Amino acid sequence: MGNIAILCSGGDVSGMNPAIKHFVEYAKAKGLSPFLVYDGFEGLIDNKIVPASYKDVSGIINRGGTKIGSARSERFHEARYRQQAKDNLEALQIDKLVVLGGDGSFRGMAKFYEEHGIAFAGVPSTIDNDIVGTDYCLGVDTALNIIRVSLDAIRDTASSFKRAFVVETMGRDCGYLALVSGLTSGAELTLIPEIAYDLCGYKEKFKKELLEGRRYFLAVVSEGIKQSSQEIATWFEEEIGVESRVSVLGHIQRGGNPTSRDRLMAYRFVHFAIDGLLSGENDKICCFSDSQLNYKSIADVAHKEHHIEPALMELVESTTLHC
Ligand code: F6P
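About the criteria used
Residues numbered from 1 in each chain as written. Predicted model: local features only at pLDDT ≥ 70, side-chain atom pairs only at ≥ 80, totals over all residues. Heavy atoms only, no water. Disulfide = S-S within 2.5 Å. Helix = DSSP H or I, 4+ residues; strand = E, 2+ residues; numbered from the N terminus. Buried < 20%, exposed > 50% of the residue type's maximum accessible area, 1.4 Å probe, protein only. Contact = heavy atoms within 4.5 Å. Domains from an automatic or database assignment. Buried area = accessible area lost by both parts, 1.4 Å probe. Salt bridge = Lys/Arg side-chain N within 4 Å of Asp/Glu carboxyl O. Polar contact = N/O pair within 3.5 Å; in protein donor to acceptor, adjacent residues only side chain to side chain. Near = heavy atom within 4 Å. Areas by Shrake-Rupley, 256 points an atom, 1.4 Å probe, with all protein chains shown as cover. Pairing = 2+ DSSP bridges. Axes fitted to C-alpha atoms, helices over the stretch in contact; angles between N-to-C directions. Phe/Tyr/Trp six-rings, centres within 6.5 Å; stacked < 30°, edge-to-face > 60°. Lys NZ or Arg CZ within 6 Å of the ring centre and 35° of its normal.

1. Regarding the state of the cysteines
Working step 1: The tally for this structure, following the rule as stated, stands at one disulfide.
Working step 2: The disulfide partner of Cys200 is Cys323, and the gap between their sulfur atoms is 1.5 Å. Every disulfide takes its handedness from the sign of the S-S torsion; for Cys200 and Cys323 that torsion is 90 degrees, giving right-handed. Of this pair, Cys200 sits in helix α8 (residues 200–211) while Cys323 sits in the segment after α12 (310–317), and the two are 123 residues apart along the sequence.
Working step 3: Looking at Cys200, the relative accessible area reads 44%, which means it is partly exposed.
Working step 4: Cys8 carries a free sulfur, and the closest cysteine sulfur to it, the one in Cys286, is 14 Å from it.

Right, here's the structure in full:
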């Protein structure tokens, strides 16, 4: 029936390994020969493309990261390296690719398809959950759970010491991780790039709460906000009068055993991707919206501004205070 390959591009997420496992199993079930591309587009260029068997993917379903590596490739932006990638695929008679990555990777693949006719199916994979056209990106649930566990732990020590803790989450320019984590951890302050804020709006409230017996504050801030986490902590010290500390969660958020949801979504996304490629969907992104998988074109996914769901925004906006 033909040869098909999978690669990971951009930031790794927990859920890529289950996706790779199901890719091999389902491709074989469909009579296809599966190949693994190591190190993303870099591996396509450098011919790190190997046939896969069941043994390559056994024992990986519970592991974070990606067994086949990922990369952010500068070279793939250049036509001569895309030609090299095409030559490598052609030599192995691979004409279909499943790409786990973000919208930048999908744009690269769309260009590759236009130039060389290699069909692809994109699986949105980023903890930032900032890809237009899909409500869910692979890895988000695991990242949220890692953040939740961290916040629960920090709350324990914050309460013991009468302190303010400013906890910084990832997300680049998207505040989704901070928004959901702030809400589900009962944070006193949640700051995200999408919502304008003035800290002075909180001063009176927080000082009053301290007088009434509050022992600690938990602030969840997204890495993309206009101030640094240290500036927020300094504000707690100087304006509210409470000792404060900063915790930058960093790459901890990208690792960890994939949750059940991410394992299941990995299976669903990859299944849908292979089915699409077999039915002539040659350049589509597999999206999950309104609780259903659907194929979207690159024009519907890339080159558009991402917005967090209004109903979620409202939950934070309704408690945002201004001066
Ligand atoms: O896009 C995923 C992400 O983890 C962002 O949240 C973060 O800003 C960035 O990648 C970090 O990139 P790197 O791993 O290159 O430091």
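2. Observations concerning the side chain of Ser247
Working step 1: With respect to the helices and strands, the residue Ser247 is situated in strand β9 (residues 244–248).
Working step 2: Once residues within four sequence positions are removed from consideration, Ser247 is found in contact with Ile154, Phe165, Val166, Val167 and Glu168.

3. Things to note about the environment of Arg172
Working step 1: Tracing the backbone shows Arg172 in the loop between β6 (164–169) and α7 (176–184).
Working step 2: In sequence terms Arg172 and Asp128 are 44 residues apart; their C-alpha atoms lie 6.9 Å from each other.
Working step 3: For Arg172, the contacting residues outside a window of four places in its chain are Arg72, Asp128, Ser222, Glu223 and Gly224.

4. Regarding the domain arrangement of the protein chain
Working step 1: Each assigned domain of the protein chain is listed here: domain 1 (3–139 + 258–304) and domain 2 (141–254).
Working step 2: With centres defined by C-alpha atoms, the gap from domain 1 to domain 2 works out at 35 Å.
Working step 3: The partner domain 2 presents 12 residues to the 15 residues of domain 1 that form the contact.
Working step 4: A combined buried area of about 1100 Å² lies between domain 1 and domain 2, and 48% of that area is made up of carbon and sulfur atoms.
Working step 5: If you sort the residues of domain 1 by the area they bury against domain 2, Ile127, Asp128 and Thr259 come out on top, with a joint share of 45%.
Working step 6: As a salt-bridge pair, Asp12 and Arg254 come within 3.1 Å of each other at their nearest N and O atoms.
Working step 7: Here domain 1 is connected to domain 2 by nine residue pairs in polar contact (both at pLDDT 80 or more).

5. Topic: the site of the ligand
Working step 1: In the vicinity of the ligand, the residues found are Arg72, Thr126, Ile127, Asp128, Met170, Gly171, Arg172, Glu223, His251 and Arg254.
Working step 2: Take Asp128: an N or O atom from its side chain is 2.6 Å from an oxygen atom of the ligand.
Working step 3: At 2.5 Å, a side-chain N or O of Glu223 approaches an oxygen atom of the ligand.
Working step 4: Protein chains bury 74% of the 390 Å² of accessible surface belonging to the ligand in isolation.

6. Some points on the sheet that holds strand β10 (residues 283–289)
Working step 1: With mixed pairing, the seven strands of this open sheet are ordered in space as β3-β2-β1-β4-β5-β10-β11. The strands lining the two open edges of the sheet, one partner per strand, are β3 (49–51) and β11 (292–297). For this sheet the average axis-to-axis angle between neighbouring strands, irrespective of direction, equals 25 degrees.
Working step 2: Pairing between strand β4 (residues 94–101) and strand β5 (residues 119–124): six bridges, direction parallel.

7. Some thoughts on the packing of aromatic side chains
Working step 1: One pass over the full model with this rule turns up nine aromatic pairs.
Working step 2: When the centroid spacing of 4.7 Å and the interplanar angle of 40 degrees are considered together, the rings of Phe206 and Phe217 count as tilted. With Phe206 in helix α8 and Phe217 in strand β8 (residues 217–222), the pair connects residues that are 11 residues apart, well separated along the chain.
Working step 3: Among the residues examined, Phe206 registers a relative accessible area of 0% and is labelled buried.
Working step 4: Taken together, the ring pairs in this structure connect Tyr202, Phe206, Phe217, Trp235 and Phe236 into an aromatic cluster.
Working step 5: Cation over ring: Lys28 sits above Tyr54, and NZ or CZ is 5.3 Å from the ring centre.
Working step 6: Positioned above the aromatic ring of Phe161, the side-chain terminus of Arg163 is 4.3 Å from the ring centre.

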